[in-house]
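If you want the building blocks of each chain, they are given just below.
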Amino acid sequence: MQDFETDDKILQNCWFVVRIDGKNFHKFTDVHKFEKPNDARCLNLMNFAASCVMKEFNEIILSYGQSDEFSFVFHRTSNVYNRRASKILSNVNSLFTSSFVFHWAKWFGEEKLKYPPSFDARIVLYPT
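Residues numbered from 1 in each chain as written. Predicted model: local features only at pLDDT ≥ 70, side-chain atom pairs only at ≥ 80, totals over all residues. Heavy atoms only, no water.

Would you mind showing me how to read the side chain of aspartate 68 here?
As for its position among the elements, aspartate 68 is in the loop between strand 2 (60-66) and strand 3 (69-74). Beyond its immediate stretch of four places on either side in the chain, aspartate 68 contacts Ile20, Asp21, Gly22, Phe25, Met46 and Phe119. (Helix = DSSP H or I, 4+ residues; strand = E, 2+ residues; numbered from the N terminus. Contact = heavy atoms within 4.5 Å.)

Any chance you could explain the pattern of salt bridges here in plain terms?
Once their charged atoms are close, side chains differing in charge can pair, the charge on each being opposite to the other. In the structure shown here, the tally under the stated rule is six salt bridges. Ionic pairing is found between lysine 36 and aspartate 30, a salt bridge with its closest N-O pair at 3.4 Å. With a relative accessible area of 41%, aspartate 30 lands in the partly exposed category. Through salt bridges with shared partners, a single ionic network connects Arg19, Asp21 and Glu69. (Salt bridge = Lys/Arg side-chain N within 4 Å of Asp/Glu carboxyl O. Buried < 20%, exposed > 50% of the residue type's maximum accessible area, 1.4 Å probe, protein only.)

Looking at this structure, I do not really get the pairing of strand 2. What am I missing?
Within a regular beta strand, the side chains point alternately toward one face of the sheet and then the other, so they alternate between its two faces. Relative to strand 3, strand 2 is paired through six bridges, and the arrangement is antiparallel. Looking across to strand 3, one finds that leucine 62 is bridged to valine 73. (Pairing = 2+ DSSP bridges.)

So what exactly am I meant to see when it comes to a nonpolar patch on the surface here?
Residues Ile61, Leu62 and Tyr64 make up a contiguous nonpolar surface patch of roughly 290 Å² in combined accessible area. Mapped onto the secondary structure, tyrosine 64 falls in strand 2. Taking the relative accessible area as the measure of exposure, tyrosine 64 reaches 41% and is therefore partly exposed. (Patch = residues over 30% accessible without salt bridge, like charges linked within 9 Å, V, L, I, M, F, W, Y side chains within 5 Å. Areas by Shrake-Rupley, 256 points an atom, 1.4 Å probe, with all protein chains shown as cover.)

Looking at this model, I keep getting lost on the sheet that holds strand 4 (residues 119-127). Mind explaining?
Sheet strands pair via backbone hydrogen bonds, and the direction of the pair is either parallel or antiparallel. The antiparallel open sheet is built from four strands, whose spatial order is 2-3-1-4. A strand with exactly one partner marks an edge of an open sheet, and here the two such strands are strand 2 and strand 4. Each strand of the sheet is rotated relative to its neighbour by a mean of 20°, with strand direction disregarded. Bridge analysis of strand 1 (residues 14-22) against strand 3 gives six bridges, and the strand direction is antiparallel. Across the sheet, the residue bridging to valine 17 is valine 73, located in strand 3. Across the sheet, helix 3 (residues 85-102) touches strand 1, strand 3 and strand 4, and the angle it forms with strand 4 is around 135°. (Axes fitted to C-alpha atoms, helices over the stretch in contact; angles between N-to-C directions.)

I would appreciate a short explanation of the packing of aromatic side chains in the present structure.
What characterises a pair of aromatic rings is the spacing of the ring centres plus the angle enclosed by the ring planes. Per the counting criterion, the structure on display carries 20 aromatic pairs. With 5.9 Å between their ring centres and 85° between their planes, phenylalanine 28 and phenylalanine 34 make a pair best called edge-to-face. No difference in accessibility class separates phenylalanine 28 from phenylalanine 34, as the two residues are buried. Ring geometry for phenylalanine 28 versus tryptophan 104: centroids 6.0 Å apart, planes at 80°, classification edge-to-face. Of this pair, phenylalanine 28 sits in helix 1 (residues 25-31) while tryptophan 104 sits in helix 4 (residues 104-108); the two residues are 76 residues apart in sequence, bridging distant segments of the chain. Neither phenylalanine 28 nor tryptophan 104 differs from the other in exposure class; each is buried. One aromatic cluster is present, built from ring pairs that chain together Phe25, Phe28, Phe34, Phe70, Phe72, Phe96, Phe100, Trp104, Phe108, Tyr115 and Phe119. (Phe/Tyr/Trp six-rings, centres within 6.5 Å; stacked < 30°, edge-to-face > 60°.)

Help me understand the packing of helix 2 (residues 40-56) against helix 3, please; the structure alone is not making it clear to me.
For any two helices packed against each other, the geometry comes down to the angle between their axes and how far apart the axes lie. At their nearest, the axes of helix 2 and helix 3 sit 8 Å apart, and the two run at 135° to each other. Relative to helix 3, the element helix 2 is oriented oblique. In this structure, the crossing between helix 2 and helix 3 has a hand that is right-handed. Residues Cys42, Leu45, Met46, Ala49, Ala50, Cys52, Val53 and Glu56 of helix 2 lie in contact with helix 3, whose contacting residues are Val92, Leu95, Phe96, Ser99 and Phe100. Residues belonging to the contact of helix 2 with helix 3 are distributed by class as follows: 11 nonpolar, one polar and one charged. (Parallel < 35°, antiparallel > 145°, perpendicular 65-115°, else oblique. Left-handed = near helix turned anticlockwise from the far one by under 90°. Nonpolar A, V, L, I, M, F, W, Y, C, P; charged D, E, K, R; others polar.)

Limitation: the analysis is restricted to geometry and does not speak to function.
Rendered as structure tokens:
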């Protein structure tokens, strides 16, 4: 199977950012009755999910969140997963999403998760 995988290496000597964005998050926030404009429970949960990602990937030098997005900046010399974009995207995104779902009750208590959220992800390159 690996013989048929696309070679999707990220350019060398480029900083790269993995940007995660909530898919149809407006509906998710309505169904779960989030406080507007910012629900502290969700902000804390997203920060925690981001910290789980940062603990796993020591090549991340900075992460930041805004609204339903989180971005992770990887150092330009990072060689995580041999700089394979698809591998980096799938692992960062799945760890963030699974951490969000797994730790939901820590911030939302008895408020049940009515359906799992989904996040899309992309990589943005920043040449030196």
